[in-house]
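Letter by letter, the chains look like this.
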Amino acid sequence: MTDVYLIRHGEAEGNDFRRMHGHYDSLLMPRGIAQAERVAARLTDTPIHGVFSSDLTRALLTAIPLCREKGLPLHREQAFREIQMGPWEDRPYGQLLAFEPETMHAFHHDPVAWRLEGAETYVEYTDRFLTRLEEICREYDGGSVAVFCHGAVMRGVLIRLFFGDSFQQIPIADNTGVSHLRYQNGSYSYEYVNDSSHVPVEISTFAYQSWWRTKKTKPDMYFLPGREVEPLPRELAGLPEGQIHLVGIWNGKPSAAVSLGEPEGDTGFLLGMRVLRELEGRNYSDQLLGCAFSHFRSRGCRKLRAVGDAYPENILSNFGFSGSVPERSIDTKGTLKAAMEQSGVMFA
């Protein structure tokens, strides 16, 4: 028999910025880093003989603290990646909800039947995941393994194994939610699924985003070039002129704006961002920041620098900007390399 601990990665860009990240490579956010330490602590007294992870950065970063605590190498596995989302990769949820609502509804509520041209199907992504998982279970017979992966692919694997292809019967996993499976003689059973009791409320993704789960209004924005949205509400006017000026549309009206400057070398420049007062204190500023990460990473930038003072309160400090001129890394490979070196963890 092999014990398997399936673990969703910590809170990452896609979760905070409300963007569709499948194979798109992205970083953990500050809460995600804290969540990764908590799940490692949860498993401190649990025998683990092998640690495996999706080869995407957000999952690898989540796995590093456990490898450090156990003194184990980290195995990278492309088979444990998130669903390949095709034309939806890195698109804002708000855009998909506004312009492809039926397909988006199917993705969330009927993943077995969900189809998107250019993306993986339910059978394809569960097949590649389960094929590799069974190989690992056979190799570690009599032992225990931890597998760090992603929310949607893990959801598909669990409903295929245990819930009769019905999503309605399975709880949704908070970031770093753990499922304990047992494999024996070619079949699986489970002790529990998607348990996140190790995550205190102050760093829970679900707790942070709870405001929109209890309201009828949609939480997500889509974005238009500023020149296409006139006139702007007074609260949004006056941001510094930049190379890119985007306006967030929420509930059909202009509700937020972000201005981005011309990159210099490997550094992109965030010039300012604003949201309507009624949206302050939610995650709308996060979505504006996601536009900056996406734009400058696509331009080959490795750092994002915030200049000026036109920012919602705490948005920069909440997302790891530091220094007299606040900046932070958006470099996935560099961040992963630094985390490995600091922890002393090696790849298998």
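Fair warning: this is a prediction, and the values are worked out from it, not measured in the lab. (Residues numbered from 1 in each chain as written. Predicted model: local features only at pLDDT ≥ 70, side-chain atom pairs only at ≥ 80, totals over all residues. Heavy atoms only, no water.)

> Explanation requested: the overall build of the chain in the structure shown.
Secondary structure summary: the chain contains 12 helices and 12 strands in total. Whereas a compact globule of 348 residues would reach a radius of gyration of roughly 20 Å, the chain reaches 21 Å, a difference of no more than 12%. Oriented by its inertia axes, the alpha-carbon framework of the chain measures out at about 65 × 45 × 35 Å. With 348 residues in all, the chain has 55% of them scored as buried. (Helix = DSSP H or I, 4+ residues; strand = E, 2+ residues; numbered from the N terminus. Rg over C-alpha atoms; globule rule 2.2 N^0.38 Å. Buried < 20%, exposed > 50% of the residue type's maximum accessible area, 1.4 Å probe, protein only.)

> Mind showing me how you'd approach the side chain of Arg297 here?
One can find Arg297 in helix α10 (residues 284–298). Classification of Arg297 by relative accessible area gives buried; the value is 16%. For Arg297, the residues in contact, after removing those within four places along its chain, are Glu13, Tyr24, Asp25, Ser26, Leu27, Ile330 and Thr332. (Contact = heavy atoms within 4.5 Å.)

> Is there a simple way to explain the pattern of salt bridges in this structure?
Pairs can form between side chains of opposite charge whenever their charged atoms are close. Scanning all chains against the criterion turns up 22 salt bridges. Residue Asp16 pairs with Arg31 through a salt bridge whose shortest N-O separation is 3.1 Å. Taken together, the residues span a long stretch of sequence, with Asp16 in helix α1 (residues 13–17) and Arg31 in helix α2 (residues 30–42) at a distance of 15 residues. Both residues of the pair, Asp16 and Arg31, count as buried. Salt bridges here are not isolated pairs; linked through shared partners, they connect Asp3, Arg182 and Glu191. (Salt bridge = Lys/Arg side-chain N within 4 Å of Asp/Glu carboxyl O.)

> So what exactly am I meant to see when it comes to the packing of helix α6 (residues 122–139) against helix α7 (residues 151–162) here?
What describes two packed helices is the angle between their axes and the distance between those same axes. In contact at an axis separation of 9 Å, α6 and α7 are set at 85° when each is read in the N-to-C sense. By the criterion of interaxial angle, the relationship of α6 to α7 is roughly perpendicular. Contacts from Tyr122, Val123, Tyr125, Thr126, Asp127, Arg128, Phe129 and Leu130 in α6 reach Ala152, Val153, Gly156, Val157, Ile159, Arg160 and Leu161 in α7. When its residues are assigned to classes, the contact of α6 with α7 shows 10 nonpolar, two polar and three charged. (Axes fitted to C-alpha atoms, helices over the stretch in contact; angles between N-to-C directions. Parallel < 35°, antiparallel > 145°, perpendicular 65-115°, else oblique. Nonpolar A, V, L, I, M, F, W, Y, C, P; charged D, E, K, R; others polar.)

> Where do I start with the environment of Phe223 in this structure?
Positionally, Phe223 belongs in strand β7 (residues 222–225). Along the chain, Phe223 and Gly261 lie 38 residues apart, while their C-alpha atoms are 17 Å from each other. Beyond its immediate stretch of four places on either side in the chain, Phe223 contacts Pro92, Val247, Gly248, Gln287, Leu288 and Cys291.

> Which parts of the structure should I look at to understand helix α3 (residues 57–70)?
Because an α-helix packs 3.6 residues into every turn, residues spaced three or four apart end up facing the same way. With 14 residues, α3 extends 20 Å between its outermost C-alpha atoms, agreeing within 8% with the 20 Å of an ideal straight helix rising 1.5 Å per residue. Remark: the principal bend of α3, roughly 30°, maps to Ile64, with a proline, Pro65, within the next four residues. With 11 of 14 residues buried, α3 is to be regarded as a mostly interior element. For α3, every residue scored as buried is listed here: Thr57, Arg58, Ala59, Leu60, Leu61, Thr62, Ala63, Ile64, Pro65, Leu66 and Cys67. Contacts made by the buried residues of α3 are with β1 (2–8), α2, β2 (50–54), β3 (74–77), β4 (144–149) and α12 (332–343). After α3 finishes, the residue Gly71 shows a positive phi value of roughly 65°. (Expected span 1.5 Å × (residues − 1). Bend = angle between axes of the 7 residues up to and from the residue.)

> I keep staring at the environment of Val112 and nothing clicks. Help me out?
One can find Val112 in the loop between α5 (101–109) and α6. When its relative accessible area of 22% is taken as the criterion, Val112 is described as partly exposed. Along the chain, Val112 and Tyr122 lie 10 residues apart, while their C-alpha atoms are 5.4 Å from each other.

Keep in mind that these numbers describe shape and distance, not what the molecule does.
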